[in-house]
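Take a look at the letters that make up each chain.
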Amino acid sequence: MVVSSAPPQPPSLESALKHYFGYDSFRPGQRQIIEKALQNRDQLVVMPTGGGKSLCYQLPALLKPGLTIVVSPLIALMQDQVQALQDNGIAATFLNSSLNGTELRERERAILEGETKLVYIAPERLLNEGMLLDWMAQVYVASIAIDEAHCVSEWGHDFRPEYRQLRQLRQWFANVPIMALTATATERVRHDIITQLELTDPFVHSTSFNRPNLYYEVRSKHKQSYRELLDLIRQQEGTSGIVYCLSRKRVDELTNRLQLDGVSALPYHAGMDNKLRTEHQSRFIRDDVQVMVATIAFGMGINKPDVRFVVHYDLPRNIEGYYQESGRAGRDGEPAHCVLFFGAGDIKTVEFLISQKVDPATGEPLEAEQRIASQQLRRVIDYAQATECRRIIQLGYFGESFPGSCNNCDNCRHPKPIEDWTIEAQKFLSCIARVRERFGMNYIIDVLRGSKSQRILQNGHDRLSTYGIGKDRSADEWKMLGRSLIHQGLVDETTDGYSVLQLNELSWEVLRKQRTVAIAVLPKPIVTTPTPASTQDTELVEDLFQRLQKLRKRLADEQSVPPYVVFQNASLREMAETQPLTNTQFASISGVGSRKLEQYGHVFLAEIRAFRQEKGIAANPQPQPAAIATSSAAIALYPADTHLATFKLYQQGLKPFEIAEQRNLRLSTITSHLAELIEMGYDIPLETLVLPARQERIVAAIQAVGADSRRRLRDYLGEVFGYDEINLVVAWWRRNNPAQGSSSESLR
């Protein structure tokens, strides 16, 4: 067996640090971790980006005889770290897919002959190529470091199935110490890492997640957001920054647009070949370009300390991912700016991506992962919509308390008005108690607002004393309170994917009138009617949409025509979102010409007015400029044309969210187009849009509760199912069951 010898030992750890890395002192926590590593202890190290995790295994590797294996999923990061080690005269190398056969053989030879102290390797190469068995016989492995260890946990933000196989390391190297490292891990993720990697009596080190030098800001996403992004980049001229996007297509489009506007920018995503990605990364690290535009899902893994701004142009999928990605800014400890653009359209895109999570071997949906991912998405939405200090929410997610008033986030520098909501909090918490702490926030709000949903009636919760006592507040106001109670620790929310609200000791203090509740509130809009689609309560929109569908079905049956002949779904959804109250407003709906205005206008307007009256929404219409109902603009937007445009892009192989991006429309609009085309008989295989197993679940729900109410179907299926996929399956079901209409008879 070949053993790479340890060099002569410096008199102290500090002198070794100075000798190998040039630093005079350790950062907080590093010395203790290194001491445990030299004692051959298993360890779990949770240290934020920029905290110095790498040195915790690099220095012990140089002070011990033998080889240290470093498992890393990020090619870019391992190449950066190896280059930095080699520049310090340290024998380190990496094995990954960027190397050709000759290079691989030469590096393997150096390892086997004891010339290498650290080898960085991706988990799939380590596990799938039989290397371990060879090395066990020929090389003395002194220690194993597993970077990005959160990937082992399905509760982590970047779960990778191949990481689960790393538990084999304990079987193959029973006596070799393992150090698992990550920048982010909740308590649940930490426990999962220890269990999955079979760490033995590990020393657990976790430092504060607070990055005080980072300024956090959330901005609304709208048509002028690109101009805001461009201004922000120009204000940071001469500094480096990263812009994260949700899709490769958006990365390429945004990069091209920035380049046309004179910004030195390059793209970086998994659709590019390794050579081009490496070239772009090197140019960014060398400051040859100012901005790197990258996908959120792929991640960059760069080792650049002087990034001065990180912008999330699209919504991140979870808090952990956002913390890590934004944490690439300011690793040198200097001030840096982190901006998140938040738009409701991004939510649909992420929900679609979540619905595509399947087992790569069987193609079956991974429902547990989908449920967890959906909960993580809700946490991001809560963060974006919050009025409290951003750090309270971020650090609270990782189990760390923070008093607030950081003075380095938008909510602290521009605080919202503070109001006493103690009475409302008592109503909210009392409702949680009366439903026996078994439901989530939306259900609690429905009970408080007196919803007549089938689920509430079946549970008998319409008979509770808290039923309907919150009608004086909107659903959004109750959600604002609910989020604030969670962030202040006045109520708990389970983290198992179901988001059930549970009372704690502080909750009971509020209920016993021993504690008051103050929350930061958003200013109320001056004009509230008709409610714009961007702020309209989602549940109200869905309720009205279903009601208009029933009206359309009745009118269609009377005329013996298919429902889409009366109005297509896109027109009904626009009616539900904008809620027109006059003929002029109704004529502006896409798909309403002079003939349909005359034929159906009065019927649908009466239905909308009745709905608003029942819901207690003001019925006075917002003044509209005079317009001719059949203007050329209205005719140009006739839905048949827009549906065909969507269908053409679908035929080219684009996915719904890609079509939405290209057409600058919401994802829900595109899926409405596709649903109506399916119902009209167009050749759109449903399995290209909805996974077969999820189709079966939705069809079973239709058989159980009928196809009339999308909300009833979603209540039956659970929040892991989205309205878009439900609409698509309902359309397919109706096409295949024309005689049954909206009944719940069996499909097969």
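Here's what I pulled together on the structure shown here. Each chain has its residues counted from 1, running along the sequence as written. With the structure being a predicted model, the display of local features is reserved for residues of pLDDT at least 70 and the display and counting of side-chain atom pairs for 80 or more, all residues being used for whole-chain, interface and lining totals. Side-chain metrics in this entry use all non-hydrogen atoms of the structure; hydrogen atoms and water are not considered.

## Observations regarding the side chain of Asn-318
- In this description a helix means any DSSP run of H or I spanning at least four residues, a strand means any run of E spanning at least two, and both kinds are numbered starting from the N terminus. Among the secondary structure elements, Asn-318 is positioned in the loop between strand E12 (307-312) and helix H14 (319-326).
- Buried, partly exposed and exposed residues are distinguished by accessible area as a fraction of the type maximum, computed with a 1.4 Å probe on protein chains only: under 20%, between the cut-offs, and over 50%, respectively. Judged by relative accessible area, which is 5%, Asn-318 ranks as buried.

## Quick word on the state of the cysteines
- Whenever a pair of cysteine sulfur atoms sits within 2.5 Å, that pair is classed as a disulfide. This model, assessed by the stated rule, comprises 0 disulfides.
- Distance from the sulfur of Cys-412, which forms no disulfide, to the nearest cysteine sulfur (Cys-409) is 3.6 Å.

## Considerations on the nonpolar core
- By nonpolar core is meant a set of buried Ala, Val, Leu, Ile, Met, Phe, Trp, Tyr and Cys residues that side-chain atoms within 4.5 Å join together. Judged by nonpolar contacts, the single largest core of 112 residues is most densely connected at Phe-21, Ile-69, Leu-118, Tyr-120, Ile-144, Ile-146 and Leu-166.
- Aside from chain neighbours lying at most four places away, what touches Phe-21 is Ala-16, Leu-55, Gln-58, Leu-59, Leu-62, Leu-85, Asn-88 and Ile-90.
- Residues Leu-649, Tyr-650, Ile-678 and Val-699 belong to the second largest nonpolar core, which totals 31 residues. Any two residues whose heavy atoms approach within 4.5 Å are treated as being in contact.

## Some points on unusual backbone geometry
- The phi dihedral of Asp-287 is positive, around 65°, even though this residue is not glycine.
- With respect to the secondary-structure elements, Asp-287 resides in the loop between helix H13 (274-285) and strand E11 (291-295).
- Of note, the phi angle at Arg-436 is positive, near 65°, even though the residue is not glycine.
- Arg-436 gets classed as exposed once you look at its relative accessible area, which sits at 67%.

## What about the sheet that holds strand E7 (residues 203-206)?
- Pairing is parallel across the open sheet formed by 7 strands, whose spatial order is E3-E4-E2-E5-E6-E1-E7. The open sheet terminates on both sides in strands that have one partner only, identified here as strand E3 (92-95) and E7. Pairwise comparison of adjacent strand axes, ignoring direction, gives a mean angle of 15° for this sheet. When DSSP locates at least two bridges between a pair of strands, those strands are taken to pair. Axes here refer to lines fitted to C-alpha atoms; in helices the fit is confined to the stretch in contact. Angles between the N-to-C directions go from 0 to 180 degrees.

## Some words on the sheet that holds strand E8 (residues 214-220)
- The strand order E8-E13-E12-E9-E11-E10 describes an open sheet built from 6 strands, whose pairing is parallel. The two strands at the open ends of the sheet, each matched to only one other strand, are E8 and strand E10 (265-268). Across this sheet, the average inter-strand angle for adjacent strands is 20°, counted without regard to direction.
- The pairing of E12 with strand E13 (residues 336-342) spans 4 bridges and is parallel.

## Focus on the packing of aromatic side chains
- Pairing of aromatic side chains here covers Phe, Tyr and the six-membered ring of Trp, requires ring centres within 6.5 Å, and sorts the geometry by plane angle: under 30 degrees stacked, over 60 edge-to-face, intermediate tilted. A full pass over the atoms with the stated rule returns 18 aromatic pairs.
- Between Phe-209 and Phe-398, the aromatic rings sit 4.4 Å apart at their centres with planes inclined by 15°, giving stacked as the arrangement. Of the two residues, Phe-209 sits in the loop between E7 and E8 while Phe-398 sits in the loop between helix H17 (390-397) and helix H18 (410-413), which places them 189 residues apart along the sequence.
- What makes Phe-209 buried here is its relative accessible area of 2%.
- Between Tyr-322 and Tyr-383 the ring centres are 5.6 Å apart and the planes differ by 50°, which places this aromatic pair in the tilted class. In this pair, Tyr-322 is assigned in helix H14 and Tyr-383 in helix H16 (residues 367-385), connecting sequence segments 61 residues apart.

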